[in-house]
Amino acid sequence: MRDPERILRPDAEGHYSLPARRLDAESLRRHAPGRHPLDGLACAMGVEESRRRFFSQSAQGIGALALAWLLGKDTAAASQGHAGLPHFPPKAKRCIYIHLVGAPPQMETFDYKPQMKEWFNKDLPESVRGGQRLTTMTSGQSRFPIAPSIFKFHQYGKSGAWVSELLPKIGSMVDDIAIIRSMHTEAINHEPAITFFQTGSMIAGRPCIGSWLSYGLGSMNQDLPTFVVLQAKHNHPRANVQAISARLWSAGFLSGEHSGVSLRSSGDPVLFINNPDGVPQHVRRGMLDALAKMNELTFQRLGDPETKTRIAQYEMAFRMQSSVPELTDLSKEPEFIWKLYGPESRLAGSFAQSCLLARRLAERGVRFIQVYHRGWDVHGLLPEVLPSQCKEIDQPCWALVQDLKQRGMLEETLVIVAGEFGRTIYSQGKLTETDYGRDHHPRCFSLWMAGGGIKGGVVHGETDDFSYNIVRDPVHVRDFQATILHLFGIDHERFTYKYQGLDVRLTGVERAAPVKAILV
């Protein structure tokens with residue numbers, strides 16, 4: 001065998017090659033422990049590799065710890081990011097990303113199409129549809145009758161942006177937000193579309209945006225996770241609900257420490273974080289210390305970086321026993337804050353309370369807060385369900401932006417409110433003057449962003465008269481992701497992770513660029 005040491009040595013990320021793993025499997029299969037001809041070499045290399053890795057990977061960490069001793073513990077918590085990042089001065093330090101699961105219709109929210117009134121119940125011209133791929137929910141329809149929105153629109157702010165009557169509070173702050181009306185994607189079904197938005201791939205298994213930022217920039221608070229997920233309840237009993245799963249906040253091939261931590265709205269906010277009955281705090285502390293020593297021995301023997309991750313996660317869980325109760329104790333919030341977020345902010349798990357918790361998380365240095373709100377999949381009963389959905393988010397979203405602004409946090413906090421695709425101008429199923437539904441539409445949709453380097457009072461992009469095709473300034477999902485990274489001081493083309501022989505990045509290999517028109 002040529003150069004066995006080279007074969008057995010892990011790469012810079014701690015991953016072992018396929019030949020090394022094959023040798024390991026052969027050793028277990030054919031030889032008793034310690035009897036394989038290469039076991040002596042492997043053990044010697046393990047000791048040397050652990051020593052080399054400690055000094056090579058800890059050089060910056062030792063300096064950071066010394067600086068932390070001088071400046072305080074928060075510096076240590078903020079020194080865990082990837083070397084060389086950010087690439088340039090960031091505008092945003094943290095992000096609150098609100099995803100409206102199910103995809104709200106753009107022509108009922110931000111894409112005003114008054115001329116459609118004259119097209120009621122007329123067929124969508126084939127020249128507009130252009131042979132577009134349809135979902136199985138409408139591909140069997142004999143016709144595609146146009147359903148104009150029954151809701152009124154009003155102009156707001158200095159920009160004169162048109163916003164639906166369903167969102168008056170959001171409309172009142174258009175000078176603080178940027179509306180993108182020309183988003184587009186290739187995904188036409190919910191699961192791949194949400195996965196694409198969150199991870200840059202329609203196939204599950206990649207790290208999500210929050211995990212990439214955690215990996216690249218590290219933590220700003222040593223007592224709370226870098227990336228937290230909140231799942232808000234919705235009110236309308238007839239709203240069509242899409243399932244979501246933990247893989248949407250998974251770290252994928254990144255270390256597990258970069259996964260999102262989901263906070264529950266009832267019971268213990270984090271499962272199994274509290275000590276079992278009869279186990280006092282000093283006993284738990286002693287158990288974790290002993291476990292850390294055992295894991296350290298494992299790390300010294302194998303050099304697997306995930307062992308260090310396991311130690312860090314146990315320690316984080318221990319610290320969260322005190323930080324999470326303080327975070328979720330809303331009793332000290334003043335009365336004007338409850339009034340700001342609205343009456344539902346006192347209801348556990350409500351969207352309003354989730355927005356208030358998101359502000360508290362941002363205030364405590366959590367870098368990425370993901371809020372999911374379901375019930376937006378309006379295939380039918382749109383005139384009944386959509387007003388309820390919009391009412392749930394309108395005041396809390398407005399309150400969140402105002403609250404961040406009054407605390408001097410908005411300039412460094414990026415706020416995003418988005419769905420995964422748009423809705424068709426034609427009706428799904430039966431159309432009447434008072435009832436209709438809309439199918440999925442990936443060609444154009446709207447979202448809005450605020451704070452963290454976003455220019456307020458901007459309406460970017462334009463669609464045709466049918467809100468069916470983009471006619472000006474298209475923005476792809478990859479451009480949206482590149483914009484987020486740019487606001488955090490990261491060049492999306494240079495921010496990569498070596499995986500399976502590839503330099504993988506959030507935005508993939510196709511062309512993408514930050515949307516400069518909405519940036520300060």
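For the structure itself, consult the block above.
Here the structure is a predicted model, which is why all the values come from computation and not from measurement. (Residues numbered from 1 in each chain as written. Predicted model: local features only at pLDDT ≥ 70, side-chain atom pairs only at ≥ 80, totals over all residues. Heavy atoms only, no water.)

**Quick word on helix α12 (residues 351-363)**
The end-to-end C-alpha separation of α12 is 18 Å, in line with the 18 Å expected for 13 residues at 1.5 Å each. Among the 13 residues of α12, 12 are classified as buried, and the element is accordingly described as predominantly covered. All of the buried residues in α12 are Phe351, Ala352, Gln353, Ser354, Cys355, Leu356, Leu357, Ala358, Arg359, Arg360, Leu361 and Ala362. A positive phi of about 95 degrees marks glycine 365, the residue just after α12. (Helix = DSSP H or I, 4+ residues; strand = E, 2+ residues; numbered from the N terminus. Expected span 1.5 Å × (residues − 1). Buried < 20%, exposed > 50% of the residue type's maximum accessible area, 1.4 Å probe, protein only.)

**What about the packing of aromatic side chains?**
Two measures describe an aromatic ring pair: the distance that separates the ring centres and the angle between the ring planes. A complete count under the given rule lists 18 aromatic pairs for this structure. Between tyrosine 215 and phenylalanine 495, the ring centres sit 6.1 Å apart and the planes meet at 15 degrees, which makes this aromatic pair stacked. Of this pair, tyrosine 215 sits in helix α8 (residues 209-217) while phenylalanine 495 sits in the loop between α14 (477-487) and β16 (497-499); the two residues are 280 residues apart in sequence, bridging distant segments of the chain. The residues tyrosine 215 and phenylalanine 495 share a single accessibility class, namely buried. In textbook terms, an aromatic cluster arises when at least three aromatic residues are bridged by ring pairs, as seen for Tyr97, Phe197, Phe227, Phe368, Phe445 and Phe480. Just above the ring of tryptophan 119 sits the side chain of lysine 122; from NZ or CZ to the centre is 5.8 Å. (Phe/Tyr/Trp six-rings, centres within 6.5 Å; stacked < 30°, edge-to-face > 60°. Lys NZ or Arg CZ within 6 Å of the ring centre and 35° of its normal.)

**Observations regarding the pattern of salt bridges**
For the coordinates displayed, the defined rule picks out 23 salt bridges. For glutamate 108, the salt bridge goes to arginine 438, with nearest N and O atoms at 2.9 Å. Highlighted residues: glutamate 108 in the loop between β1 (94-100) and α5 (126-129) and arginine 438 in strand β10 (residues 438-441), separated in sequence by 330 residues. As far as burial versus exposure is concerned, glutamate 108 and arginine 438 are alike and both buried. The shortest N-O distance in the salt bridge between arginine 360 and glutamate 333 comes to 2.6 Å. Here glutamate 333 lies in the loop between α10 (305-328) and α11 (335-341) and arginine 360 lies in helix α12, a separation of 27 residues in the sequence. Like arginine 360, the residue glutamate 333 is buried in the burial classification. Salt bridges sharing common partners tie together Glu326, Glu333, Arg359, Arg360, Glu363, Arg364, Asp403 and Arg407. (Salt bridge = Lys/Arg side-chain N within 4 Å of Asp/Glu carboxyl O.)

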